[in-house]
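For reference, the chains in residue letters:
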Number of protein chains: 2
Amino acid sequence: MVLGAAESPVLSFDVGGTDIKAGLVDAKGVVLGMRRVPTPLDPARPGEAVVERLAELAAELAAEFPGTPAKAAGIIVPGIVDSVAGVGVYSANLGWRNFPFTAEAQKRLGIPVAFDHDVRSAAAVEHALGGSREFSDVVVMVVGTGIAAAVFSGGKAVTAGGFAGELGHAQVPDPDAGPGGTAATILEAVGSAGAIAKRYQRISGNKVNGARSVLLRATSGDALAERVWAEAMDALAFTICQCVNIIGTEAVVIGGGLAEAGEDLLQPLRARVEQTLDFQRRPHLIRAQLGQDAGLLGAALNARALLGGGQ
Amino acid sequence: MVLGAAESPVLSFDVGGTDIKAGLVDAKGVVLGMRRVPTPLDPARPGEAVVERLAELAAELAAEFPGTPAKAAGIIVPGIVDSVAGVGVYSANLGWRNFPFTAEAQKRLGIPVAFDHDVRSAAAVEHALGGSREFSDVVVMVVGTGIAAAVFSGGKAVTAGGFAGELGHAQVPDPDAGPGGTAATILEAVGSAGAIAKRYQRISGNKVNGARSVLLRATSGDALAERVWAEAMDALAFTICQCVNIIGTEAVVIGGGLAEAGEDLLQPLRARVEQTLDFQRRPHLIRAQLGQDAGLLGAALNARALLGGGQ
């Protein structure tokens with residue numbers, strides 16, 4: 001049986017700071033042959049090294065599933081991404097500047113490639129299927145080691161040439177500032193899971209295994225852990241309120257590692273947002289529903305869009 | 001000669017906190033019979049009182065220009081505006097909540113009415129004709145007694161049911177906070193022309209005639225005036241950087257009374273934005289080109305859109 005293109009699986013690659021996840025994703029969104037390999041870091045040719053690894057993964061998947069050749073591929077990466085031009089504009093962690101991912105990957109893979117931003121692509125799936133689907137003005141934040149976000153306005157993704165959604169780098173009041181009042185830092189340095197662990201270790205001198213440990217200590221009465229957690233909540237709520245005031249955000253979906261804290265995260269955020277806002281919209285704060293595979297599904301959705309319907 | 005609707009003048013009303021400006025605006029954007037009357041303030045029926053005043057103004061204009069009856073009217077107001085529903089959701093200064101402006105004004109005026117937000121409508125004209133017209137991701141800020149803004153993303157106005165663009169109420173670090181670091185206030189309380197005058201008077205004990213006097217004192221070596229001006233620039237730059245990080249803003253147009261400071265405003269803002277941002281877009285900071293009539297032109301453009309082309 002020969003499958004039409006619309007029913008064919010697509011190749012899906014989620015290139016992260018540590019790992020690349022790869023798989024074939026069928027028309028129902030089922031991931032086949034999922035694998036995870038370290039992201040190659042080659043400072044001299046960072047983009048080329050990644051594309052070469054993707055070609056190896058594609059060959060492996062083709063060998064494993066010989067009957068169902070992929071007719072398109074989706075690649076998602078972090079950083080600043082110009083999806084229209086198919087260019088990885090900038091990645092602080094992975095090192096490229098203006099690398100033409102779409103062109104290079106199409107050359108290597110021999111099929112059409114959809115190239116886009118990791119969080120925006122995962123967020124589009126989350127927004128389509130998750131708790132925010134009834135809302136038009138939505139921010140999806142992924143709070144893990146760092147903080148990335150996708151912004152939707154009037155139901156559409158705000159891209160701004162790849163420069164939108166840099167919530168992790170938005171300024172917040174600096175809780176470590178000395179007397180004087182107006183010193184600022186960035187959200188990622190206070191409100192991320194990574195920052196919560198780091199700040200607690202620095203302030204307390206105690207070694208902890210991630211933000212989850214800090215939360216456990218906070219709920220067991222460790223005053224320094226309580227303070228670090230509360231300051232993270234202050235910073236996250238501060239940035240959420242900025243979104244509400246600037247673009248009238250009506251729902252904020254929070255995913256990533258920190259979202260595992262559930263109501264220990266959402267409840268203090270809701271209280272702070274409520275206290276800060278006046279006549280403005282009160283955004284719904286919602287936990288992301290899709291897990292680790294949202295990126296692969298997002299990349300697959302981008303790839304499938306290249307194929308159109310029917311054939 | 002009978003004019004087709006597209007060539008007919010339209011009625012245009014710019015309802016402000018102090019005055020209503022009214023006029024007929026012809027197809028070339030020329031304002032005829034411009035008049036300015038105090039905005040009626042009736043706490044018991046704030047919306048009704050305004051619509052009654054608009055009907056009186058319409059009658060005066062019809063009497064003054066009997067040969068060219070208006071075939072549509074544009075009304076713009078401040079506050080939270082739901083232009084799709086035609087409702088003035090909330091105005092702190094003028095007192096209404098959920099007043100159905102479009103329906104009530106159509107009843108009184110007997111012609112189709114386009115109802116929208118004052119700053120968004122003026123900003124649409126500024127964005128179409130002014131220095132930001134080459135950009136897609138733009139914020140137009142009107143900095144006067146208060147601060148209002150219109151947000152454009154991908155070339156389109158971001159409305160969010162009327163809740164977007166509340167930059168005046170976005171949080172900024174509070175320069176009057178005592179030791180401790182993270183106290184916040186709102187942009188309007190530090191960065192508006194009104195706040196600059198008020199804060200200087202409070203801190204120095206000297207009476208001044210507006211923000212312009214504070215700037216004059218600052219440039220003449222008055223250290224307190226310098227400080228208040230600098231703190232206003234800090235706050236405005238803080239909010240501009242929030243826009244850049246959240247929605248990738250590439251141009252910020254500044255109008256309103258404070259924009260009369262020209263480079264004394266733009267140069268310190270540019271320096272602060274440059275210092276704060278890292279890999280992000282550097283937004284162009286541009287002075288608004290249209291003057292006091294931008295609101296009337298915006299309301300007229302909204303009204304003309306109701307008429308369509310040709311007839």
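Residues numbered from 1 in each chain as written. Chains lettered and ligands numbered in written order. Predicted model: local features only at pLDDT ≥ 70, side-chain atom pairs only at ≥ 80, totals over all residues. Heavy atoms only, no water.

Draft legend 1. Up close: the overall build of chain A. A count of helices and strands for chain A gives nine helices and 15 strands. Computed over the C-alpha atoms, the radius of gyration of chain A is 20 Å, within 12% of the 19 Å expected from 2.2 N^0.38 for a compact globule of 311 residues. Its C-alpha atoms give chain A principal-axis dimensions of about 65 × 40 × 35 Å. A burial count over chain A gives 56% of its 311 residues as buried. A separation of at least 24 residues holds for 63% of the contacts in chain A among residues at least 6 apart in sequence. Accessible surface for chain A amounts to roughly 12700 Å². Of this, 52% is attributable to carbon and sulfur atoms. Between the averaged position of the 26 positive side-chain charges in chain A and that of its 32 negative side-chain charges there is a distance of 2 Å. (Helix = DSSP H or I, 4+ residues; strand = E, 2+ residues; numbered from the N terminus. Rg over C-alpha atoms; globule rule 2.2 N^0.38 Å. Buried < 20%, exposed > 50% of the residue type's maximum accessible area, 1.4 Å probe, protein only. Contact = heavy atoms within 4.5 Å. Areas by Shrake-Rupley, 256 points an atom, 1.4 Å probe, with all protein chains shown as cover. Lys, Arg positive; Asp, Glu negative; His and termini not counted. Charge placed at Lys NZ, Arg CZ, Asp CG, Glu CD.)

Draft legend 2. Structural context of helix α6 (residues 211-219) of chain A. Along α6(A), the residues classified as buried are Ala211(A), Ser213(A), Val214(A), Leu215(A) and Ala218(A). Two residues or fewer past α6(A), Gly221(A) is found with a positive phi of approximately 95°.

Draft legend 3. Representation of the packing of aromatic side chains within the structure. One pass over the structure, following the stated rule, counts nine aromatic pairs over all chains. Residues Phe279(A) and Tyr90(B) carry aromatic rings whose centres are separated by 5.8 Å and whose planes lie at 25° to one another, so their mutual orientation is stacked. On the criterion of chain membership, the pair formed by Phe279(A) in the loop between α8 (263-276) and β15 (284-287) and Tyr90(B) in strand β6 (residues 87-90) is interchain, its members lying in two chains. Their ring planes at 10° and their centres at 4.8 Å tell us that Phe101(B) and Phe115(B) sit as a pair that is stacked. Linking Phe101(B) in helix α2 (residues 101-109) with Phe115(B) in strand β8 (residues 113-117), this pair joins segments that are 14 residues apart in sequence. With respect to burial, Phe101(B) and Phe115(B) carry one shared label: buried. Taken together through their ring pairs, the aromatic side chains of Trp96(A), Phe99(A), Phe101(A) and Phe115(A) make up a single cluster. (Phe/Tyr/Trp six-rings, centres within 6.5 Å; stacked < 30°, edge-to-face > 60°.)

Draft legend 4. Inspection of the sheet that holds strand β6 (residues 87-90) of chain A at higher detail. Residue and element names in this part refer to chain A. Strands sit in the order β5-β6-β7 across an open sheet of three strands; the sheet is antiparallel. Two strands in the sheet have a free side with no partner beyond their single neighbour: β5 (80-82) and β7 (97-99). Geometrically, the sheet is characterised by an average inter-axis angle of 20° between neighbouring strands, direction not taken into account. Bridge analysis of β6 against β7 gives two bridges, and the strand direction is antiparallel. When the bridges of β7 are listed, Tyr 90 appears paired with Arg 97. (Pairing = 2+ DSSP bridges. Axes fitted to C-alpha atoms, helices over the stretch in contact; angles between N-to-C directions.)

Draft legend 5. Geometry of the interface of chain B and chain A. The partner chain A presents 37 residues to the 38 residues of chain B that form the contact. For the pair chain B and chain A, the two sides together bury roughly 3300 Å², of which 66% comes from carbon and sulfur. Broken down residue by residue, the surface that chain B buries against chain A is led by Gln171(B), Ile246(B) and Phe279(B), which jointly contribute 21%. The interface formed by chain B and chain A includes zero salt bridges. For the side of chain B that touches chain A, the secondary structure elements donating two or more residues are β10 (147-153), β12 (171-173) and α7 (223-247) of chain B. With eight residues, the single largest contributor to the side of chain B that touches chain A is α7(B). Here the residues of the side of chain B that touches chain A sort into 21 nonpolar, 13 polar and four charged. (Buried area = accessible area lost by both parts, 1.4 Å probe. Salt bridge = Lys/Arg side-chain N within 4 Å of Asp/Glu carboxyl O. Nonpolar A, V, L, I, M, F, W, Y, C, P; charged D, E, K, R; others polar.)

Draft legend 6. Spatial organisation of the pattern of salt bridges. All names here are of chain A. Taken as a whole and assessed by the stated rule, the structure comprises 38 salt bridges over all chains. Of the charged contacts in the structure, one is a salt bridge between Asp 42 and Arg 45, with a shortest N-O distance of 3.8 Å. Note on Asp 42: relative accessible area 25%, which makes it partly exposed. Under the relative-accessibility criterion, Arg 45 is labelled partly exposed at 32%. Counted as one network, the salt bridges with shared partners bring together Asp 176, Arg 199, Arg 202, Arg 227 and Glu 231.

Draft legend 7. Main features of unusual backbone geometry. Residue and element names in this part refer to chain B. Phi is positive for Asn 98, close to 50°, though the residue is something other than glycine. Tracing the chain through its elements places Asn 98 in strand β7 (residues 97-99). When its relative accessible area of 53% is taken as the criterion, Asn 98 is described as exposed. The phi angle at Ala 160 is positive, at roughly 55°, despite the residue not being glycine. Position of Ala 160 relative to the elements: it lies in the loop between β11 (156-158) and β12.

Draft legend 8. Examining the confidence of the model for chain A more closely. Of the residues in chain A, 96% reach a pLDDT of 70 or more, and the chain-wide mean stands at 91. Considering each helix and strand of chain A separately, the mean pLDDT is smallest for helix α3 (residues 118-129) of chain A, with a value of 88, and largest for helix α2 (residues 101-109) of chain A, with 98. (pLDDT = per-residue confidence, 0-100.)

Draft legend 9. Examining the relation of the copies chain B and chain A more closely. Superposing chain B onto chain A requires a rotation of 180° together with a translation of 0.0 Å along the rotation axis, leaving an RMSD of 0.1 Å. The two molecules are tied by a two-fold rotation axis, judged by turn and shift. Same-surface contact between copies: 97% of interface residues of chain B are shared with the interface of chain A. (Least-squares fit on C-alpha atoms with pLDDT ≥ 70 in both.)

Draft legend 10. Highlighting the packing of α3(A) against helix α9 (residues 294-307) of chain A. Residue and element names in this part refer to chain A. Interhelical geometry of α3 versus α9 gives an angle of 90° and a closest axis separation of 7 Å. When the axes of α3 and α9 are compared, the pair comes out roughly perpendicular. In this structure, α3 uses Ser 121, Ala 122 and Val 125 to contact α9, whose residues at the interface are Ala 294, Gly 295, Leu 297, Gly 298, Ala 299, Leu 301 and Asn 302. Residue composition of the contact of α3 with α9, grouped by class: six nonpolar, four polar and no charged. (Parallel < 35°, antiparallel > 145°, perpendicular 65-115°, else oblique.)

Draft legend 11. Just the environment of Ala235(B), in detail. Residue and element names in this part refer to chain B. Here Ala 235 is to be found in helix α7. Given a relative accessible area of 5%, Ala 235 falls into the buried group. Excluding residues within four positions of it along the chain, Ala 235 makes contact with Val 172, Leu 187, Val 190 and Gly 191.

Draft legend 12. Focus on the domain arrangement of chain A. Residues and elements named next belong to chain A. Taken domain by domain, chain A consists of domain 1 (10-118 + 292-307) and domain 2 (131-287). The C-alpha centroid of domain 2 is placed 29 Å from the C-alpha centroid of domain 1. Each partner contributes to the interface: domain 1 provides four residues, whereas domain 2 provides four residues. Summing both sides of the interface, domain 1 and domain 2 together bury roughly 360 Å²; the carbon and sulfur share of this comes to 62%. Among the residues of domain 1 in contact with domain 2, Ile 80, Val 81 and His 117 are the three that bury the most area, contributing 71% of the side total. (Domains from an automatic or database assignment.)

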